[in-house]
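Chain by chain, the residues:
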Amino acid sequence: MKQLFKTYRFSLLLLAAIVGGALLGWGMGEDAAKLKPLGDLFLNLMFTVVIPLVFFSISSAIASMGSAKRFGRILGSMLGVFLFTGIITAVVTMAAVKVFDPSEGVKIKLVKPEETGEAVSIADQITATLTVPDFMELFSRSNMLALIVFSVLVGLAASMAGEKGRPFSVFLQAGSEVMMKLVKIIMYYAPIGLGAYFAALIGEFGPTLIGSYLKAVLFYYPLAILYFVVFFTLYAMLANGKKGVSLFWRNMLQPSITSVATCSSAASIPVNLDASKKMGVPDDISETTIPLGATLHKDGSVMGGVLKITFLFGVFDMNFSGFNTYLLVGLTAILVGMVMGAIPQGGMIGEMLILSLFGFPPEALPVIAAISTIIDPPATLLNATGDNVASMMTARLVEGKRWVTENVIKQSA
């Protein structure tokens, strides 16, 4: 029990701050708006650090990758599996939203900035989203995707430079470490900032906010459990038929318990490595897929991304329908799960990406940040345990039937 409390203490502290802020806002009523500057302080700090954090984290991760031929094949297959499961997760979640809309009846009427400018073509929109005409424009959170593309290219260039680029790669890694510490310092203030912001929200919107979060919980928890049981079974079957299903579930108890108990994909890496080897996954595949999967493969975060976006659609009374909307929501959720997961406090950074891409105001950040705290346990379960079945699918792509007939038989012997 002590270990469980130690693991969840910061999440519990944030939750306590949100509840305390809600009670304070309930008692103060409209006067709680006086506390909003304390919340704005936290938002401003987070939005300030997001640009260097994204750049250093992504570019350093790319720069540190090797270039051996087999490693390249493993990496390509692994990323394909990550993208495939991310797409499935996004589609399943959006389909569930159409059946049980967690944003229906939300009455938190924040003001979304008006869109300005003339209509442009799809090609121009893509170009403007992925690139900027001037280097200095990368330092704006409104150009987050362009910054991500630039960061990936810088990381690739540093990796291709080999020994000559090593000092620059070391600089990128040092920058990433410094940004980690900076985010950690800012997060010490998070309970005060989020508590103050929720006091202001409850003072203005009352109990409708709490009821809205209950709907989000009733949506996410059953869907996460269903996805865990049904789709992970299907993935294991794709990897190795009925034998794969048996191997997967026979070795999933410890990784499942560890992921929920620690609420950390990184902390689950050792038990995931052990489980994947027992499943017959070759060492070089498991030792690549599991560690990278802990940061890049987060089906639970993809599911949470769709939930947060649709929740904000309800907040701003926007229509969640149409192919273009589904495509943008799905791609954003996958980006949040695959790319932003590589960043410390990636959940918060992913939420800022959502705000930037859809044009939501900064005030919407605490609204969806609370959702992250509430759904953290089942989201981590999907994020961490999904790496095991992903390693099995990667092994099938890299080794083909040879993995099925040799490695699994050897592990079962």
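Every value quoted in this text rests on a predicted model; they were computed, and no experiment measured them. (Residues numbered from 1 in each chain as written. Predicted model: local features only at pLDDT ≥ 70, side-chain atom pairs only at ≥ 80, totals over all residues. Heavy atoms only, no water.)

Further remarks concern the UniProt feature "transmembrane region" (unreviewed entry) in the protein. According to UniProt, the "transmembrane region" (unreviewed entry) feature falls on residues 12–29, 41–62, 74–97, 144–161, 182–203, 218–238 and 326–343. The span residues 12–29 is 94% helix and 0% strand, and its two end C-alpha atoms sit 25 Å from each other. Taken end to end, residues 218–238 comprises 100% helix and 0% strand; its first and last C-alpha atoms sit 30 Å apart. (UniProt positions renumbered as here; feature names shortened; annotations may be inferred. Helix = DSSP H or I, 4+ residues; strand = E, 2+ residues; numbered from the N terminus.)

So, on to a nonpolar patch on the surface. A cluster of nonpolar side chains, Ile 225, Leu 226, Val 229, Val 230, Leu 234 and Trp 249, forms an exposed patch at the surface whose accessible area comes to about 510 Å². Along the chain, Trp 249 turns up in helix H8 (residues 208–250). Taking the relative accessible area as the measure of exposure, Trp 249 reaches 31% and is therefore partly exposed. (Patch = residues over 30% accessible without salt bridge, like charges linked within 9 Å, V, L, I, M, F, W, Y side chains within 5 Å. Areas by Shrake-Rupley, 256 points an atom, 1.4 Å probe, with all protein chains shown as cover. Salt bridge = Lys/Arg side-chain N within 4 Å of Asp/Glu carboxyl O. Buried < 20%, exposed > 50% of the residue type's maximum accessible area, 1.4 Å probe, protein only.)

Here we take up the side chain of Lys 308. Tracing the backbone through its elements, the reader meets Lys 308 in helix H12 (residues 299–315). Looking at Lys 308, the relative accessible area reads 8%, which means it is buried. With residues up to four places along the chain from it excluded, the contact list for Lys 308 reads Glu 351, Ile 354, Ile 368, Ile 371 and Ser 372. (Contact = heavy atoms within 4.5 Å.)

A separate point is the packing of aromatic side chains. Enumeration over the complete set of coordinates arrives at 21 aromatic pairs. With a centroid separation of 5.0 Å and an interplanar angle of 75°, the aromatic rings of Phe 248 and Trp 249 are classed as edge-to-face. With centroids separated by 5.4 Å and ring planes inclined at 65°, the aromatic side chains of Phe 320 and Tyr 326 adopt a geometry described as edge-to-face. Each residue in the set Phe 84, Tyr 227, Phe 228, Phe 231, Phe 232, Tyr 235, Phe 248 and Trp 249 is aromatic and connected to the rest through ring pairs, giving one cluster. A cation sits over an aromatic face here: Lys 215 above Phe 100, 5.8 Å from the ring centre. (Phe/Tyr/Trp six-rings, centres within 6.5 Å; stacked < 30°, edge-to-face > 60°. Lys NZ or Arg CZ within 6 Å of the ring centre and 35° of its normal.)

Turning our attention to the pattern of salt bridges. The tally for this structure, following the rule as stated, stands at four salt bridges. The closest approach of N and O atoms between Glu 163 and Arg 166, which form a salt bridge, is 3.0 Å. Given a relative accessible area of 58%, Glu 163 falls into the exposed group.

The geometry of H12 relative to helix H15 (residues 365–399) is characterised by a closest axis approach of 8 Å and an angle of 155° between their N-to-C directions. As far as their axial angle goes, H15 and H12 are roughly antiparallel. For the pair H12 and H15, the crossing hand works out as right-handed. Contacts between H12 and H15 pair Asp 299, Gly 300, Ser 301, Met 303, Gly 304, Leu 307, Lys 308, Phe 311 and Leu 312 from the former with Val 367, Ile 368, Ile 371, Ser 372, Ile 375, Ala 379, Leu 382 and Asn 383 from the latter. Of the residues assigned to the contact of H12 with H15, the class counts are 10 nonpolar, five polar and two charged. (Axes fitted to C-alpha atoms, helices over the stretch in contact; angles between N-to-C directions. Parallel < 35°, antiparallel > 145°, perpendicular 65-115°, else oblique. Left-handed = near helix turned anticlockwise from the far one by under 90°. Nonpolar A, V, L, I, M, F, W, Y, C, P; charged D, E, K, R; others polar.)

You can see Thr 385 is positioned in helix H15. According to the relative accessible area criterion, Thr 385 is buried, its value standing at 0%. The contact partners of Thr 385, leaving out residues within four places of it in the chain, are Phe 228, Phe 232, Phe 248, Met 252, Pro 255, Ser 256 and Ser 259.

On to H15. Helix length check: H15 (35 residues) gives 44 Å between terminal C-alpha atoms against 51 Å at 1.5 Å per residue, more than 12% under. Remark: the principal bend of H15, roughly 65°, maps to Asp 376, with a proline, Pro 377, within the next four residues. Directly beyond the C-terminal end of H15, a positive phi value near 70° is found at Gly 400. (Expected span 1.5 Å × (residues − 1). Bend = angle between axes of the 7 residues up to and from the residue.)

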